[in-house]
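Structure at a glance
Here is how the chains run, residue by residue.
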Amino acid sequence: MRVAMGLALREDDPNARAIEFYNLLSSFDYIASTPTLFNSGTRHSQLSSCYLTTVGDDLEDIYGAIRDNAMLSKWAGGLGNDWTPVRALGSHIKGTNGQSQGVVPFLKVVNDTAVAVNQGGKRKGAVCAYLESWHLDIEEFLELRKNTGDERRRTHDMNTATWVPDLLIERMREDRDWTLFSPSDAPDLHDLYGNAFRERYEHYEALAEQGKIKLFKKIPAKQLWRKMLTVLFETGHPWITFKDPCNLRSPQQHRGVVHSSNLCTEITLNTSADEIAVCNLGSVNLAAHIANGELDVQRLEQTVNTAVRMLDNVIDINYYSVPQAERSNMKHRPVGLGIMGFQDALYKLSLIHI
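This text gives an overview of the structure that appears in the document. (Residues numbered from 1 in each chain as written. Predicted model: local features only at pLDDT ≥ 70, side-chain atom pairs only at ≥ 80, totals over all residues. Heavy atoms only, no water.)

**Some words on the environment of Ile-352**
- By the secondary structure assignment, Ile-352 is in the segment after helix H13 (342-348).
- Given the relative accessible area of 27%, Ile-352 is considered partly exposed.
- When near neighbours in sequence (up to four residues on either side) are disregarded, Ile-352 contacts Gln-343, Leu-346 and Tyr-347. (Helix = DSSP H or I, 4+ residues; strand = E, 2+ residues; numbered from the N terminus. Buried < 20%, exposed > 50% of the residue type's maximum accessible area, 1.4 Å probe, protein only. Contact = heavy atoms within 4.5 Å.)

Given below as structure tokens:
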């Protein structure tokens, strides 16, 4: 009842809508996301599920992103961080005339922040870091979850994922080399995909061959792919996610580039320095819509209509702990309606047998 009333706050007839929402939730025909269940009807009604951020290549942006992580995690938000723009180990730092320590030390701070800010004590903080597979730090990134090695360069409490372009798969199949760059030398690769990425990547490879880019590393593509699969088998991380399909199939191409997914890898939303993408999730219990051995289509239609209404309300009612998230959510209004109980539904329809 608290969840239903919290989601009906801004309705023209909140009492009627609250009863409608309550009937749906109490029957378990539809399950709201965990943050919505935690926070609906409270003083800080942070109802959205996941937040996707892009981390810029300077200290203010890096620690600003870590601060945003803490604020979002405090109210039960899950996090997906795109770390590709941050320069690699050994890159020149113009301000100090020194060398960068790369991405990994900052990820250690992110890991410890997720442990420290554990969603108000209700559950563990959840964050996933993404790195594109042309980044010069990718080999160290692959080892973040290993149980051996320098503990200062390990992150046992966070998730990791690689953001893989199709070009790497092609190079691997053709048994060709793959070149790793620092984003400080190849900054535009981060925002390119498809043929535009291929052309620019090959351009940077040519510059490296000519000696115009000093910091790079050439390895067999099969070697990198083999290492990805090996550590995935050993540790369950990093997850392998695919940059080109996510962008080429995105209905939001006119709004920007998809740089990562979230900590569950089911959301593909564009992010930028000004926008933290937000996903607003819920799940229809498909098994509850099977009656007398048939799918009750009319009941399912009613459930979906009410569920989407609730998800749309989440966007307006949501408590935003950082302004970039509010800006993005209000502009794009993304909702994700999933299903649960699919196998049970198939069993009830006698389509599978146990």
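**A closer look at the pairing of strand E6 (residues 127-132)**
- Counting buried residues in E6 gives six out of six residues, a clear majority hidden from the surface.
- Neither face of E6 is open: one carries Val-127, Ala-129 and Leu-131, the other Cys-128, Tyr-130 and Glu-132, and all of them are buried.
- Direction of pairing for strand E3 (residues 78-82) relative to E6: parallel, over a ladder of four bridges. Bridge pairing links Leu-79 to Val-127 in E6.
- Across five bridges, the pairing between E6 and strand E7 (residues 159-164) is parallel. (Pairing = 2+ DSSP bridges.)

**Some points on helix H11 (residues 297-317)**
- Taking 1.5 Å per residue, 21 residues should reach 30 Å; H11 reaches 30 Å between its end C-alpha atoms and fits that length.
- Residues of H11 that are buried: Leu-300, Thr-303, Thr-306, Ala-307, Met-310, Leu-311, Asn-313, Val-314, Ile-315 and Ile-317. (Expected span 1.5 Å × (residues − 1).)

**With respect to the packing of helix H7 (residues 166-173) against helix H9 (residues 221-235)**
- Look at H7 against H9: their axes get within 8 Å of each other, and the N-to-C directions meet at 110°. Taken together, the axis directions place H7 and H9 in an arrangement best described as roughly perpendicular. For H7 against H9, the interelement crossing comes out left-handed. Across from Leu-168, Ile-169, Arg-171 and Met-172 in H7, the residues of H9 making contact are Ala-221, Lys-222, Leu-224, Trp-225 and Met-228.
- Of the residues in the contact of H7 with H9, the class split is seven nonpolar, no polar and two charged. (Axes fitted to C-alpha atoms, helices over the stretch in contact; angles between N-to-C directions. Parallel < 35°, antiparallel > 145°, perpendicular 65-115°, else oblique. Left-handed = near helix turned anticlockwise from the far one by under 90°. Nonpolar A, V, L, I, M, F, W, Y, C, P; charged D, E, K, R; others polar.)

**Notes on the pattern of salt bridges**
- Counted by the stated rule, this structure contains 20 salt bridges.
- Two residues, Glu-11 and Arg-309, come together in a salt bridge whose shortest N-O distance is 2.7 Å. Highlighted residues: Glu-11 in the loop between helix H1 (2-7) and helix H2 (14-26) and Arg-309 in helix H11, separated in sequence by 298 residues.
- According to the relative accessible area criterion, Glu-11 is buried, its value standing at 9%. (Salt bridge = Lys/Arg side-chain N within 4 Å of Asp/Glu carboxyl O.)

**Some remarks on the packing of H2 against H11**
- Contact pair H2 / H11: the axes reach a minimum separation of 11 Å and the direction vectors enclose 115°. Both H2 and H11 take part in a crossing whose hand is left-handed. Every residue of H11 that contacts H2 at Arg-17, Glu-20, Phe-21, Leu-24 and Leu-25 is listed here: Thr-303, Thr-306, Ala-307, Arg-309, Met-310 and Asn-313.
- Here the residues of the contact of H2 with H11 are counted per class, giving five nonpolar, three polar and three charged.

**Notes on the environment of Met-172**
- Relative to the helices and strands, Met-172 is located in helix H7.
- Expressed as a C-alpha distance, the spacing of Met-172 and Val-257, which sit 85 residues apart in the sequence, is 25 Å.
- Leave out the neighbours within four places in its chain, and Met-172 touches Ala-221, Lys-222 and Trp-225.

**Describing H9**
- End to end, H9 covers 21 Å across 15 residues, agreeing with the expected 21 Å (1.5 Å per residue, within 8%).
- All of the buried residues in H9 are Ala-221, Leu-224, Trp-225, Met-228 and Val-231. With its buried residues spanning 135° around the axis, H9 presents them on a single face. What points out from H9, more than 90 degrees from its buried face, is the exposed set Arg-226, Phe-233 and Glu-234. (Arc of directions from axis to C-beta.)

**Here's the deal with the packing of aromatic side chains**
- Under the defined criterion, the tally for this structure stands at seven aromatic pairs.
- When the ring of Phe-181 is compared with that of Tyr-204, the centres are 6.1 Å apart and the planes differ by 55°; the resulting orientation is tilted. On the criterion of sequence distance, the pair formed by Phe-181 in strand E8 (residues 177-181) and Tyr-204 in helix H8 (residues 194-209) is long-range, its members being 23 residues apart.
- Given a relative accessible area of 5%, Tyr-204 falls into the buried group.
- One aromatic cluster is present, built from ring pairs that chain together Trp-178, Phe-181, Phe-197, Tyr-201 and Tyr-204. (Phe/Tyr/Trp six-rings, centres within 6.5 Å; stacked < 30°, edge-to-face > 60°.)

**Here's the deal with the side chain of Lys-243**
- In this structure, Lys-243 sits in helix H10 (residues 243-248).
- Side-chain polar atoms of Lys-243 contact the backbone oxygen of Leu-189, separated by 2.9 Å.
- Excluding residues that lie within four positions of it along the chain, Lys-243 makes contacts with Glu-132, Trp-163, Val-164, Pro-165, Leu-189, His-190, Leu-192, Tyr-193 and Phe-197. (Polar contact = N/O pair within 3.5 Å; in protein donor to acceptor, adjacent residues only side chain to side chain.)

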